[in-house]
Amino acid sequence: MHVHKYEKIWLIFGITTLIVFLSVVGVSAFYAGNQPPSCLTVIDPEKVDTTAPFNEPGLKKVEGKDWDYELVFVAQAFAYTPGDVEVPLGAKVKVIATSKDVIHGFEVAGTNINMMVEPGYISEHITTFDKTGEYLILCNEYCGAGHHMMMSKIKVVE
Ligand code: CUA
(Lines give C-alpha, C1' and ligand atoms only; values in the text may rest on other atoms or scores of the structure.)
Protein backbone atom coordinates (compact mmCIF):
# COMPACT_ATOMS: atom_id res chain seq x y z
CA MET A 1 0.00 0.00 0.00
CA HIS A 2 1.33 3.37 -0.91
CA VAL A 3 1.03 6.07 1.73
CA HIS A 4 1.69 9.59 0.59
CA LYS A 5 4.60 11.37 2.25
CA TYR A 6 2.46 14.14 3.79
CA GLU A 7 -0.10 11.62 4.89
CA LYS A 8 2.67 9.74 6.69
CA ILE A 9 3.92 12.92 8.37
CA TRP A 10 0.43 13.80 9.62
CA LEU A 11 -0.21 10.25 10.81
CA ILE A 12 3.02 10.28 12.83
CA PHE A 13 2.21 13.76 14.15
CA GLY A 14 -1.31 12.72 15.16
CA ILE A 15 -0.24 9.52 16.88
CA THR A 16 2.64 11.29 18.65
CA THR A 17 0.39 14.02 20.06
CA LEU A 18 -2.12 11.40 21.18
CA ILE A 19 0.63 9.50 23.04
CA VAL A 20 1.92 12.76 24.58
CA PHE A 21 -1.52 13.85 25.80
CA LEU A 22 -2.39 10.43 27.21
CA SER A 23 1.01 10.31 28.97
CA VAL A 24 0.39 13.72 30.53
CA VAL A 25 -3.02 12.61 31.81
CA GLY A 26 -1.60 9.30 33.00
CA VAL A 27 1.36 10.80 34.86
CA SER A 28 -0.90 13.45 36.37
CA ALA A 29 -3.42 10.89 37.60
CA PHE A 30 -1.27 7.91 38.62
CA TYR A 31 2.05 9.53 39.55
CA ALA A 32 1.09 13.03 40.76
CA GLY A 33 -2.14 11.73 42.28
CA ASN A 34 -4.42 14.35 40.76
CA GLN A 35 -8.08 13.47 40.76
CA PRO A 36 -11.39 15.20 40.29
CA PRO A 37 -12.90 16.65 43.47
CA SER A 38 -14.85 14.05 45.39
CA CYS A 39 -18.54 14.09 44.61
CA LEU A 40 -19.06 10.72 46.20
CA THR A 41 -19.60 11.83 49.78
CA VAL A 42 -23.26 12.56 50.29
CA ILE A 43 -25.23 14.25 53.04
CA ASP A 44 -28.90 15.06 53.64
CA PRO A 45 -29.02 18.83 52.97
CA GLU A 46 -31.91 19.21 55.44
CA LYS A 47 -29.91 17.68 58.28
CA VAL A 48 -26.64 19.57 57.80
CA ASP A 49 -26.88 21.27 61.21
CA THR A 50 -27.14 17.96 63.03
CA THR A 51 -24.65 15.97 60.93
CA ALA A 52 -20.98 15.82 61.94
CA PRO A 53 -18.73 17.62 61.21
CA PHE A 54 -21.12 20.33 60.03
CA ASN A 55 -22.82 20.58 63.42
CA GLU A 56 -19.64 22.34 64.56
CA PRO A 57 -18.29 24.47 61.69
CA GLY A 58 -14.86 26.00 62.06
CA LEU A 59 -11.28 24.89 62.56
CA LYS A 60 -10.51 21.69 64.43
CA LYS A 61 -7.19 20.05 65.21
CA VAL A 62 -7.13 16.40 64.22
CA GLU A 63 -4.78 13.56 65.18
CA GLY A 64 -3.53 10.59 63.23
CA LYS A 65 -4.44 11.84 59.77
CA ASP A 66 -2.39 13.12 56.85
CA TRP A 67 -3.51 16.66 57.65
CA ASP A 68 -3.26 18.70 60.90
CA TYR A 69 -6.56 20.54 60.87
CA GLU A 70 -10.04 20.27 59.44
CA LEU A 71 -11.73 23.48 58.43
CA VAL A 72 -15.47 22.95 58.15
CA PHE A 73 -17.70 25.37 56.26
CA VAL A 74 -21.45 25.45 55.79
CA ALA A 75 -22.68 27.52 52.85
CA GLN A 76 -26.19 28.88 52.56
CA ALA A 77 -27.75 31.88 50.86
CA PHE A 78 -25.96 34.23 51.31
CA ALA A 79 -23.23 33.48 53.83
CA TYR A 80 -20.65 30.98 54.99
CA THR A 81 -20.39 29.68 58.53
CA PRO A 82 -17.93 30.50 60.04
CA GLY A 83 -17.68 34.07 58.78
CA ASP A 84 -14.07 34.59 59.80
CA VAL A 85 -11.55 31.98 60.76
CA GLU A 86 -7.90 31.98 61.85
CA VAL A 87 -5.53 29.31 60.57
CA PRO A 88 -1.98 28.80 61.86
CA LEU A 89 0.81 29.39 59.35
CA GLY A 90 2.17 26.25 57.68
CA ALA A 91 -0.63 23.98 58.85
CA LYS A 92 -1.90 21.32 56.49
CA VAL A 93 -5.63 21.91 56.37
CA LYS A 94 -8.46 19.86 54.92
CA VAL A 95 -11.25 22.20 53.89
CA ILE A 96 -14.63 20.48 54.07
CA ALA A 97 -17.77 22.21 52.84
CA THR A 98 -21.38 21.60 52.00
CA SER A 99 -24.47 23.65 51.17
CA LYS A 100 -27.83 23.80 52.90
CA ASP A 101 -29.81 25.15 49.96
CA VAL A 102 -28.52 25.77 46.44
CA ILE A 103 -25.20 25.43 44.63
CA HIS A 104 -22.57 27.86 45.89
CA GLY A 105 -18.96 28.43 45.00
CA PHE A 106 -16.01 28.31 47.36
CA GLU A 107 -13.04 30.12 45.93
CA VAL A 108 -10.20 31.24 48.14
CA ALA A 109 -8.66 34.17 46.30
CA GLY A 110 -4.92 33.88 45.76
CA THR A 111 -4.83 30.10 46.31
CA ASN A 112 -5.69 27.07 44.21
CA ILE A 113 -8.81 26.34 46.27
CA ASN A 114 -11.85 26.60 44.04
CA MET A 115 -14.69 24.24 44.80
CA MET A 116 -18.31 23.91 43.88
CA VAL A 117 -20.43 23.42 46.99
CA GLU A 118 -23.56 21.47 46.20
CA PRO A 119 -26.52 20.57 48.41
CA GLY A 120 -26.38 16.87 49.18
CA TYR A 121 -22.65 16.55 48.58
CA ILE A 122 -19.51 17.21 50.57
CA SER A 123 -16.63 19.02 48.86
CA GLU A 124 -13.10 18.64 50.17
CA HIS A 125 -9.70 20.12 49.43
CA ILE A 126 -6.42 19.66 51.27
CA THR A 127 -4.04 22.59 51.28
CA THR A 128 -1.22 24.21 53.23
CA PHE A 129 -1.32 27.92 53.95
CA ASP A 130 2.31 28.97 53.82
CA LYS A 131 1.92 32.74 53.70
CA THR A 132 0.43 34.91 56.42
CA GLY A 133 -2.34 37.30 55.54
CA GLU A 134 -6.03 37.51 54.86
CA TYR A 135 -7.60 35.31 52.23
CA LEU A 136 -11.01 36.18 50.87
CA ILE A 137 -13.47 33.35 50.33
CA LEU A 138 -15.86 34.15 47.50
CA CYS A 139 -18.97 32.53 46.10
CA ASN A 140 -18.42 32.20 42.37
CA GLU A 141 -21.62 30.35 41.49
CA TYR A 142 -24.62 32.61 40.99
CA CYS A 143 -26.96 31.68 43.85
CA GLY A 144 -29.51 34.48 44.09
CA ALA A 145 -30.06 38.12 44.89
CA GLY A 146 -27.36 38.27 47.58
CA HIS A 147 -24.75 36.30 45.63
CA HIS A 148 -22.36 39.26 45.36
CA MET A 149 -22.35 39.69 49.14
CA MET A 150 -21.52 36.09 49.91
CA MET A 151 -18.02 35.97 51.33
CA SER A 152 -15.92 34.93 54.27
CA LYS A 153 -12.31 35.29 55.34
CA ILE A 154 -9.41 33.06 56.30
CA LYS A 155 -6.72 34.74 58.35
CA VAL A 156 -3.38 32.95 58.33
CA VAL A 157 -1.48 33.84 61.49
CA GLU A 158 1.84 32.80 63.06
CU1 CUA B 1 -23.54 31.69 47.02
CU2 CUA B 1 -23.28 32.87 44.94
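This structure is a prediction, so every number in the text was calculated from the model and none was measured. (Residues numbered from 1 in each chain as written. Predicted model: local features only at pLDDT ≥ 70, side-chain atom pairs only at ≥ 80, totals over all residues. Heavy atoms only, no water.)

Enquirer: Residue-level account of the overall build of the protein, with values.
Expert: Within the protein one finds one helix and ten strands. What you see in the protein, going N to C, is helices and strands ordered as α-β-β-β-β-β-β-β-β-β-β. Whereas a compact globule of 158 residues would reach a radius of gyration of roughly 15 Å, the protein reaches 21 Å, over 25% beyond that. Counting only C-alpha atoms, the protein reaches 70 × 35 × 25 Å along its principal axes. For the protein, the residues scored as buried account for 31% of the 158 residues in total. Long-range pairs, those at least 24 residues apart, make up 59% of the contacts in the protein between residues at least 6 apart in sequence. Total accessible area on the protein stands at roughly 10100 Å², and carbon and sulfur atoms take up 60% of it. (Helix = DSSP H or I, 4+ residues; strand = E, 2+ residues; numbered from the N terminus. Rg over C-alpha atoms; globule rule 2.2 N^0.38 Å. Buried < 20%, exposed > 50% of the residue type's maximum accessible area, 1.4 Å probe, protein only. Contact = heavy atoms within 4.5 Å. Areas by Shrake-Rupley, 256 points an atom, 1.4 Å probe, with all protein chains shown as cover.)

Enquirer: Hey, could you go over the UniProt feature "transmembrane region" (unreviewed entry) in the protein for me, with residue numbers and the actual values?
Expert: UniProt annotation of "transmembrane region" (unreviewed entry) refers to residues 9-32 when read in the numbering used here. Here residues 9-32 is 96% helix and 0% strand, with 33 Å between the C-alpha atoms at its ends. (UniProt positions renumbered as here; feature names shortened; annotations may be inferred.)

Enquirer: Explain the sheet that holds strand E6 (residues 104-108) to me, using residue names and the numbers behind them.
Expert: Strand order across the open sheet formed by five strands is E4-E10-E9-E6-E7, with mixed pairing between neighbours. Looking along the sheet, the strands with just one partner apiece sit at the ends: strand E4 (84-88) and strand E7 (114-117). The sheet shows a mean angle of 20° between the axes of neighbouring strands, direction not considered. One ladder, built from six bridges, connects strand E9 (residues 133-138) with strand E10 (residues 151-157); its direction is antiparallel. (Pairing = 2+ DSSP bridges. Axes fitted to C-alpha atoms, helices over the stretch in contact; angles between N-to-C directions.)

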